[in-house]
Amino acid sequence: MISMQKVSKVYPNGVVAVDDLDLEIRDGEFLYVVGPSGAGKSTFMKMIYREEKPTAGQLLIDGLDVGKIKDRHVPKLRRQLGVIFQDFKLLPTLTVYENVAFALEVVGADTSSIRKQVMDVLNLVGLKNKARNYPDELSGGEQQRVSIARAIVNKPKLIIADEPTGNLDPETAWGIMEVFEEIHRRGATIVMATHNRDIVDKIRHRVIAIENGKVVRDEEKGAYGYDI
Amino acid sequence: MIFKTGLRHLREGFKGTLRNGWMSFAAISAVTITLLLVGVFALVMFNINEISDNVENDVEIQVFITRTADENSVEKLGENIEQVPGVSTVTFSSKEDELAKFQDQLGDDAAAYGTVEKDNPLHARYIVKAQDPTELEEVAKSVGSLDNVDDVKYGKDYIDKMFAFFNGIRIGGLALIVGLTLMAMFLISNTIKMTIFSRRREIEIMRLVGAKNSFIRWPFFIEGLLLGMLGALVPILVIYFGYDVAYSALQPSLDQLNSDIFKLIDPSTLTVQVSLVLLALGAFIGIWGSTTSLGRFLKI
């Protein structure tokens, strides 16, 4: 799915965010990315959805060299993956339904198929009866479910989640993780950056730890491994 | 599908205008005020142009013929004047015509000058018009050097000053219109920048879910177009009905001057033209404002 070979990212101000990183992520894998703040996790994630370009090395997604694609081909890449953030990034002026439908309208899907797909995916995240509500009428957990629904409505094979439970209380976080588990069971590859020790320790998946822009640990069914 | 996407852009453009109500209102007001000024100045300019054209075309050279010239040489002089380069029309006015005109002007007092009919002191003259009123001086000089010409008059200083005055008004008015238009463009571009800034989150999300730049651009393009054209609405109405009112109020009193010079342009043709220009200008300002503001938000 994702193959990184000697990938580096040096920002114009000289900061080395990712340093000569090698990594293989297989199809259908669930990968936790852990590490201290400022260790390069966010840059690592951003390079996958081409918000940042590597300054050296090769980053392949399904054989496509993401660092080399032209700006105008970026939309095509983004449609094949779903991105989820800590702060949800929902539009407050749109209803739940409209927020999710947004991702399909952009592709130019027709109204009836949008309707079906959006309702299906809202059903999956358990928000079918909140379709007409606005984001500020929902709890944090529910808002994150909406943003997950938006990310998966295109049926992407790859989901990038940057601390999706960072703003949520522990109980709500578990609920969100159940949604991710369900998406994973349906075959999607998931790359999730997180600081949530409980989740990483209880729902075991492959764990990589990034420090100073390098992978310092890579374990199948690993633990969080940092003391708080 | 393209049609459907087009409808979406249209809908989003309208929605955006409504959603950012106050910002839109500010942008529309900026365009309205500017176009109102541009429209009024355009009308004034067109009329000043018309009047100055009338004046220019009305300027004549008076060629006074030597009193001793016989009929043949007067006729010959007429032909010679027509040969002078730059002359457009030559009209003859005999001593008797001149006297009749003179008496006409005097009205009832004409009887007091009864004796002049027997011994007419006036010159017969040719009235010459130049093809290009600004070449009056050269034409007058050439005509003055012909035989049997007693004197040539065309009010040199007066005419030169008048032309300078009209040119000044034209250039000043044009500069004002250009300046106002630039100001409106600046205002609308700033306002749309603010609209876009307030929607940068929306743009960010659009890009995240894989919207093409053109897809992001269209609604703003339509929004700008809409703001510009809505801004043109009030000025067009004001121009359309206002000029009609002004025309019917002013023209009758100008008609009393009994002159070919002070004629305002008929509203029927002028207002439609000016309205169309204002609409086009509004649309142009709006589109320009939105497209120039979008650029930096679309960098991936």
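Here the structure is shown first, and the text comes after it.
Bear in mind the structure is a predicted one, so any value in this text is a computation, not a measurement.

(A) A look at the overall build of chain A. Helix and strand content of chain A: seven helices and 10 strands. Relative to its 228 residues, chain A shows a buried fraction of 54%. Within chain A, contacts between residues separated by at least 24 positions form 67% of all contacts whose residues are at least 6 apart in sequence. With the model as given, the accessible surface of chain A reaches about 10200 Å², and the carbon-plus-sulfur share is 48%.

(B) Local environment of the pairing of strand β1 (residues 2-10) of chain A. Residues and elements named next belong to chain A. Here β1 pairs with strand β4 (residues 56-61) via five bridges, running antiparallel. Among the inter-strand pairings, Ser 3 is bridged to a residue of β4, identified as Leu 60. Linking β1 back to strand β2 (residues 16-25) in an antiparallel pair, the connection comprises five residues, with Gly 14 at a positive phi of about 95°.

(C) Structural detail: the sheet that holds β1(A). All names here are of chain A. Taking strand neighbours across the sheet as the criterion, the four strands line up as β2-β1-β4-β5 in an open arrangement whose pairing is antiparallel. One side of each edge strand has no neighbouring strand; the edge strands of this open sheet are β2 and β5 (64-65). The sheet contact formed by β1 and β2 spans six bridges and is antiparallel. When the sheet's bridge partners are listed, Met 4 is paired in β2 with Leu 23.

(D) View of the interface of chain A and chain B. In this complex, chain A contributes 25 residues to the contact, which on the side of chain B involves 19 residues. Here chain A and chain B share an interface that buries about 2100 Å² over both sides, 59% of which is from carbon and sulfur atoms. Across the contact surface, chain A and chain B share two salt bridges. The residue Lys89(A) makes a salt bridge to Glu204(B) at a minimum N-O spacing of 3.0 Å. One can count three residue pairs in polar contact (both at pLDDT 80 or more) joining chain A with chain B. Secondary structure elements with two or more residues in the side of chain A that touches chain B: α2 (74-79) and α3 (96-105) of chain A. Top contributing element to the side of chain A that touches chain B by residue count: α2(A), with four residues. Its residues assigned to classes, the side of chain A that touches chain B comprises 11 nonpolar, four polar and 10 charged.

(E) Quick peek at the packing of aromatic side chains. Residue and element names in this part refer to chain A. Enumeration over the complete set of coordinates arrives at six aromatic pairs over all chains. Geometrically, the ring pair formed by Phe 30 and Tyr 32 is tilted, given 5.3 Å between the ring centres and 50° between the ring planes. Judged by relative accessible area, Phe 30 falls into the buried class, the value being 3%. Looking at Tyr 32, the relative accessible area reads 0%, which means it is buried. Judged by centre distance (6.1 Å) and plane angle (85°), the rings of Tyr 49 and Phe 85 are edge-to-face. Separated by 36 residues along the polypeptide, Tyr 49 in the loop between α1 (41-48) and β4 and Phe 85 in strand β6 (residues 81-85) bring together distant segments of the chain. For the residue pair Tyr 49 and Phe 85, the accessibility class agrees, reading buried in each case. The ring centre of Phe 85 lies 4.9 Å from the NZ or CZ of Lys 89, which sits over that ring.

(F) Representation of the side chain of Gln62(B). All names here are of chain B. With respect to the helices, strands and loops of the structure, Gln 62 is situated in strand β1 (residues 60-65). For Gln 62, a relative accessible area of 17% corresponds to the buried category. Not counting residues up to four positions away in its chain, the partners in contact with Gln 62 are Arg 125, Tyr 126, Ile 127, Asp 151, Val 152 and Lys 153.

(G) Local environment of the sheet that holds β6(A). All names here are of chain A. Pairing is mixed across the open sheet formed by six strands, whose spatial order is β6-β7-β8-β3-β9-β10. Both edges of this open sheet fall to β6 and β10 (214-219), since each of them pairs with a single strand only. Put simply, the sheet's adjacent strands are angled 15° from each other on average, direction ignored. As judged from the four bridges shared by strand β3 (residues 30-34) and strand β9 (residues 206-211), these two strands associate in the parallel manner. The residue of β9 that forms the bridge with Val 33 is Ile 208.

(H) Quick peek at empty space enclosed by the protein. If you walk through the whole model with that rule in mind, you get two cavities of 30 Å³ or more. In this structure, the largest cavity spans a volume of roughly 110 Å³. Lining the largest cavity, in full, are Arg78(A), Arg79(A), Leu81(A), Gly82(A), Val83(A), Phe85(A), Ala103(A), Arg150(A), Ala151(A), Asn154(A), Leu208(B) and Val209(B). Where the lining of the largest cavity is concerned, the elements lending two or more residues are α2, β6 and α5 (140-152) of chain A. For the lining of the largest cavity, the element with the most residues is β6(A), which contributes four residues. Volume-wise, the second largest cavity comes out at about 40 Å³. Lining the second largest cavity are Arg8(B), Glu12(B), Arg199(B), Glu202(B), Met206(B), Ile216(B), Pro219(B) and Phe220(B). For the lining of the second largest cavity, the leading source of residues is helix α8 (residues 213-255) of chain B, giving three residues. A class-by-class count of the residues in the lining of the second largest cavity yields four nonpolar, no polar and four charged.

Analysis parameters
Residues numbered from 1 in each chain as written. Chains lettered and ligands numbered in written order. Predicted model: local features only at pLDDT ≥ 70, side-chain atom pairs only at ≥ 80, totals over all residues. Heavy atoms only, no water. Helix = DSSP H or I, 4+ residues; strand = E, 2+ residues; numbered from the N terminus. Buried < 20%, exposed > 50% of the residue type's maximum accessible area, 1.4 Å probe, protein only. Contact = heavy atoms within 4.5 Å. Areas by Shrake-Rupley, 256 points an atom, 1.4 Å probe, with all protein chains shown as cover. Pairing = 2+ DSSP bridges. Buried area = accessible area lost by both parts, 1.4 Å probe. Salt bridge = Lys/Arg side-chain N within 4 Å of Asp/Glu carboxyl O. Polar contact = N/O pair within 3.5 Å; in protein donor to acceptor, adjacent residues only side chain to side chain. Nonpolar A, V, L, I, M, F, W, Y, C, P; charged D, E, K, R; others polar. Phe/Tyr/Trp six-rings, centres within 6.5 Å; stacked < 30°, edge-to-face > 60°. Lys NZ or Arg CZ within 6 Å of the ring centre and 35° of its normal. Axes fitted to C-alpha atoms, helices over the stretch in contact; angles between N-to-C directions. 1 Å grid on protein atoms, 1.4 Å probe; cavity = no way out; pocket = protein on both sides within 12 Å on 5 of 7 lines; lining within 4 Å. Points joined across faces, edges and corners; volume = space filled by probe spheres on them.

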